[in-house]
Amino acid sequence: MRFKADRAFRCLKLLAPILSNPQVARLAALLNSSGSPHERVAQEFSVRLAGLLYSSPPERIVWANILVPSELIWGLGFIPFYPEIAAATIARFGLAPEALRLADELGVPRDLCSFHRAAIGFAEAGFFPKAGAFVAVNYPCWTAAVFLSWEAFRHNLPFYLIDMPSDFTEDSAHYLAYSLEEVAQGLASTRGNRYYIRGIEKALRLSNEARSLALEATEMRKFIPSPLKGSKMIGHLGLIAYLFGSPYGVAYYRAMRDYIRRIIAESRPEQEKQGARLYWMHLKPFYSTTLFHLVEDEKKAVIVFEEHSSVWWEPLVEGEPFLSLARKMLSHPSLGPTEGRIARALADVQAFKADGVIHFNHWGCRQSQGAIALLRRRLRGEGVPLLELEGDCIDENGYQEGQIRVRMEAFLESLGGGL
Amino acid sequence: MKYPVGIDVGSASAEALILKDGKILAYSILETGANSRKAAEKALEEALEKAKISRAEVGPIVATGYGRISVDFASRQVTEISCYARGIHFLYPEVRMVIDIGGQDSKAILVGKNGRVLDFVMNDKCAAGTGRFLEVMARVMEVDVEKLGEISLRSRNPAEISSTCTVFAESEVVSLIARGVPVEDIAAGIHKAIARRVGAMAKRIGVTPPVAFAGGVAKNVGVVKALEEELGVKLIVPEEPQIVGALGAALLASEEG
Ligand code: SF4
């Protein structure tokens, strides 16, 4: 099977050594003068990351799934690669259907989440950077762990599974911390040395700094009118998984905080006209659609905050890196009974004065949809309307424009927009 | 004074409704066919004829339904969800939920005391639980779809149709016919299958009586009975269940003027 992406991929590999140069990455970002400052940092980081991933020796690269803490990987001196996020990035360029077809041909069941199916397809086509090791956490979904272990098996490379306890207690935190330390030792040994604790501590320091700045930015996003365009923020969700523990995380959130401060002072919100205020849950389609044009430009609704933008964890403690990373993982709102996630949503709705909630139900994602009925009931109990949009974040063939539009319009009408 | 108009262009039928002093002056119902815009034009012309007024005397026009975007002569477009809620509230202010089964979709809407939508759920991805499902089954049974309801009322022992997919249900019906199961039992089984599907959808947002039933399929007494049994409530069926969307659109138009 020939991929449309073949030529672009070859180009990327050729340019990788140049792109990995921080000055070149910065220049590439500066060329995009239309973006806001934090978007430019995001772009700079993406260019550099792509460069590093495709020009570094495989021993430096660790494939992981999204909740494996990036601080751990950066801190150990490796470069993280999250195939799920790569699948979303590539879907943006309209290439996911080809990868999904390839996964189909390999016999991957179609009711699996397309983030993983596309990742399997891209991996099979050889489009992903080569790795030295694989780390998976069996949370929020098992598919990632299965996929990563399969890739490790195929290439005869080390695979580490982080077993996530289902509740947050002191015991479970120690159990998880032990598991993380084992991963650290294992990864370090793939390069023939013990890990360097200073490296992890530095990553924790950077993560904490980014966290404080993110909190400041979050606080300012409560301002009315809403300073940022939520659709852009949802677009950055994948990137955020990489940022904590890297200097780019600090740069990104500092730029965002300063930018929000400035646009509030100058009364220049990104979205001029603002009607209904929406809180966005779960993900969004990553290929091109008219969904956000409809919401923000046509209907003038504003996405005031996103579930995955929230900073849910306490500061990390440098003296106890593994335990505090374990605590960070265990305090994730989606862990354990769904009450945690619902409570977080309700608190955000209140704090951001949202009129309604949108939940994008991604096909095949059990973890986000399993408790949707409960979420609906609880939100309704608090007088907060919920709209479920059904679609696929990666597979554009699973997106019905007209049907999504009718639901979205009806929901906004019910919130009072235009009736 | 101008007459506000609502036009509902659904996948199967198009309706136009004209209001005068807050009352229904005239309406038309016809098949949509292949061209939504033409259907809207024709529906309006027919309603104008019945009302004995000219095109120049109407306005504003609000379009709704799946073909609303193609009604470019409307002053604005509103979704059928909002229009059904508004229309049913006008006819029966006490109604708290309206279920609509149309040609190619079905929906359940929770209606607030002011006629606003509180919550809604829709099925427009699959033919099961829509008028199309009935059409397909009636064709297999070689029975006129309009007669299916009455036929089913004679049933004492409704057949069990377990497939939720139209294609599989169709083959189930074929084998029921081959086995010599009486036609009324098959018809009742079909209605039960629809009611189960739509009932499950309505339950997702909470069945809140009084419940009204609108849309073309509400004319089928067999589906009404099966849905009442499924939901455990008596359904309010408007005299002309197909015009509720157009009525809602016309009411919204009257608020514009
Ligand atoms: S969308 Fe759901 S199933 Fe897919 S990777 Fe994310 S958590 Fe797992």
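Before reading further, recall that the structure is shown in the block above.
This is a predicted model, so every value here is computed, not measured.

Q: How should the interface of chain A and chain B be read in this particular structure?
A: It is common to give the size of an interface as the accessible area that goes away when the parts come together. Counting residues at the interface gives 18 residues for chain A, matched by 19 residues for chain B. Counting each side, the surface lost to burial between chain A and chain B is near 1700 Å², with a carbon and sulfur contribution of 44%. Across the salt bridge formed by D119 of chain B and R380 of chain A, the nearest N and O atoms sit 2.8 Å from each other. Put simply, chain A and chain B have seven residue pairs in polar contact (both at pLDDT 80 or more) between them. Among the elements that make up the side of chain A that touches chain B, the one with the highest residue count is helix α19 (residues 401-414) of chain A (eight residues). Its residues placed into classes, the side of chain A that touches chain B shows six nonpolar, five polar and seven charged.

Q: Quick question: what am I supposed to make of helix α13 (residues 247-265) of chain A here?
A: Given 3.6 residues to a turn, an α-helix orients residues that are three or four positions apart in the same direction. Residues and elements named next belong to chain A. For α13, with 19 residues, the first-to-last C-alpha span of 27 Å sits near the 27 Å given by 1.5 Å per residue. Taken together, the buried positions of α13 are Y248, G249, V250, Y252, Y253, A255, M256, R257, Y259, I260 and I263. Among the structural elements, α2 (22-31), α3 (37-55), α10 (197-220), α11 (230-235) and α12 (237-243) are those in contact with the buried residues of α13. For α13, the N-terminal capping position is held by S246, with its side-chain oxygen 2.9 Å away from the main-chain nitrogen of Y248.

Q: Which parts of the structure should I look at to understand the pattern of salt bridges?
A: When their charged atoms lie close together, side chains carrying opposite charge are able to pair. Under the defined criterion, the tally for this structure stands at 44 salt bridges over all chains. With a shortest N-O distance of 3.9 Å, E184 of chain B and R154 of chain B are connected by a salt bridge. Placement of E184 of chain B in helix α6 (residues 183-205) and of R154 of chain B in the loop between α4 (148-153) and α5 (166-178) is noted, with a sequence separation of 30 residues between them. Put simply, E160 of chain B and R196 of chain B hold a salt bridge, and the shortest N to O gap is 3.3 Å. You can see E160 of chain B sitting in the loop between α4 and α5 and its partner R196 of chain B sitting in helix α6, a full 36 residues away along the chain. Looking at E160 of chain B, the relative accessible area reads 49%, which means it is partly exposed. Within the structure, one salt-bridge network assembled from shared partners comprises E298, R405 and E409 of chain A together with R68 and E80 of chain B.

Q: Is there a simple way to explain unusual backbone geometry in this structure?
A: Negative phi values dominate among residues other than glycine, just as trans dominates among peptide bonds. In this chain, I224 of chain A is followed by P225 of chain A through a cis amide linkage whose omega measures 0 degrees. Within the secondary structure layout, P225 of chain A lies in the loop between α10 and α11. Backbone torsion omega between P209 of chain B and P210 of chain B reads -5 degrees, so that peptide bond is classified as cis. Residue placement: P210 of chain B occurs in the loop between α6 and β9 (211-214). Its identity as a non-glycine residue notwithstanding, K353 of chain A has a phi of 50 degrees, on the positive side. Mapped onto the elements, K353 of chain A comes out in the loop between α16 (339-351) and β7 (356-362). Even without glycine at this site, K52 of chain B takes up a positive phi of about 55 degrees. Position of K52 of chain B relative to the elements: it lies in the loop between α1 (36-51) and β4 (58-64).

About the criteria used
Residues numbered from 1 in each chain as written. Chains lettered and ligands numbered in written order. Predicted model: local features only at pLDDT ≥ 70, side-chain atom pairs only at ≥ 80, totals over all residues. Heavy atoms only, no water. Contact = heavy atoms within 4.5 Å. Buried area = accessible area lost by both parts, 1.4 Å probe. Salt bridge = Lys/Arg side-chain N within 4 Å of Asp/Glu carboxyl O. Polar contact = N/O pair within 3.5 Å; in protein donor to acceptor, adjacent residues only side chain to side chain. Helix = DSSP H or I, 4+ residues; strand = E, 2+ residues; numbered from the N terminus. Nonpolar A, V, L, I, M, F, W, Y, C, P; charged D, E, K, R; others polar. Expected span 1.5 Å × (residues − 1). Buried < 20%, exposed > 50% of the residue type's maximum accessible area, 1.4 Å probe, protein only.

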